[in-house]
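Fold and contact review
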Amino acid sequence: MSEATCVRCGAALPVGARFCPGCGSPVGALPPEERKIVTVVFADLVGSTELAARLDPERYREVLATYYRTVSEVLESLRGRAYDLAGDAVVGVFGIPHAHDDDAVRAVRAGLELVGRVERISERLGLPVPLRVRVGINTGPVAIGSEGAEHGLLFGATVNLAARLQEAAEPGTVLVGETTWMLTRDQVTFGEPVRVHAKGFEDTATAWPALGLAPPRRAAHDPPRRPPARAAPARGRLRERPGDLPGPPCHAARGAGGRQEPRGGGVPPPAPRGGHGARGSGEPVRRGRGLRAARADAPRSRGRGGGGARGTPASSAPTAGRALLPGR
């Protein structure tokens, strides 16, 4: 194995390898430039100089190690990462290597949680002075270094403004920039905006102190929620679904005047072809009456050539087809 490493992922390269076994990048090729929209969290420990003067160096190293570990755990629990550790300051980033739609919200949640977690460190370690942290958060584009000593570094005004917001924040508070405020104002409760004179920037920046997470609410432009859908009633399916109705299937109840009404308010079956009832009756089928009921109720013809209703037994119509003589 050689001592050469991949310029993209840092994995060791075998002798004569043309591609990295870790990420597959060509060996010797310059990594592509990368530009992303990220949310930067800049956290700084307040009063660290005074604390270092009052504690033994080993004890102070233990405090900083606990502080770094706490910040890293909070950032990683919300899909962020601690990108740089410098003295008593920690730079966290949300959006690298993978971006999410709610990176800004996660960053603000991390900042609010850091305030409480850092304060509890002094109680757990029994420090003579309380620990507090200032947090500045800003969202915007950054360029990611890809060569040599620049590999992994972030470049751009987004990082610088996050540092200036951290300097302007009060101890134990979180201050966010305008872009971060616009992305999180529906999920986070903010205080009144403040003007920040950021060093190195021509114009003053507007910032908002984050007070806490807001309860979920529906945006004004969202349509009102519909009531839960209910199953549509079956209509006109008395013959197909007899089990859904009480009593014998396919039977209609007679209403006033002998008219039959379908059970359950169903749509009546269609009239037979031709629009008439029993053969020879001349009576049109009424809507709301079944074909079988119409044939059964149709009057029987006694005239020459008239026949009984279709389906009537021969014994019940002995004179069907014959003229009746007087006196017989």
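The preceding data block contains the structure.
Reference entry: report on the structure contained in this document. (Residues numbered from 1 in each chain as written. Predicted model: local features only at pLDDT ≥ 70, side-chain atom pairs only at ≥ 80, totals over all residues. Heavy atoms only, no water.)

**Quick word on the side chain of Thr-184**
With respect to the helices, strands and loops of the structure, Thr-184 is situated in helix H5 (residues 178–184). With near-sequence residues (within four places) excluded, Thr-184 lies in contact with Ala-104, Val-105, Val-108 and Phe-190. (Helix = DSSP H or I, 4+ residues; strand = E, 2+ residues; numbered from the N terminus. Contact = heavy atoms within 4.5 Å.)

**Points about the environment of Leu-211**
Here Leu-211 shows up in strand S9 (residues 205–213). Of the residues examined, Leu-211 reaches a relative accessible area of 59% and is grouped as exposed. Along the backbone, Leu-211 and Leu-112 are 99 residues apart, and their C-alpha atoms lie at a distance of 8.0 Å. (Buried < 20%, exposed > 50% of the residue type's maximum accessible area, 1.4 Å probe, protein only.)

**Focus: the pairing of S9**
Pairing geometry for strand S6 (residues 174–176) and S9, over 3 bridges, is antiparallel. The residue bridging Val-176 from the neighbouring strand is Trp-208, located in S9. Here 3 bridges tie strand S7 (residues 188–190) to S9, and the two strands are oriented antiparallel to one another. Paired with Thr-189 across the two strands is Gly-212, which belongs to S9. For strand S8 (residues 194–196) and S9, the ladder comprises 3 bridges, and the chain directions are antiparallel. Counterpart to Val-196 in the pairing with S9 is Ala-205. (Pairing = 2+ DSSP bridges.)

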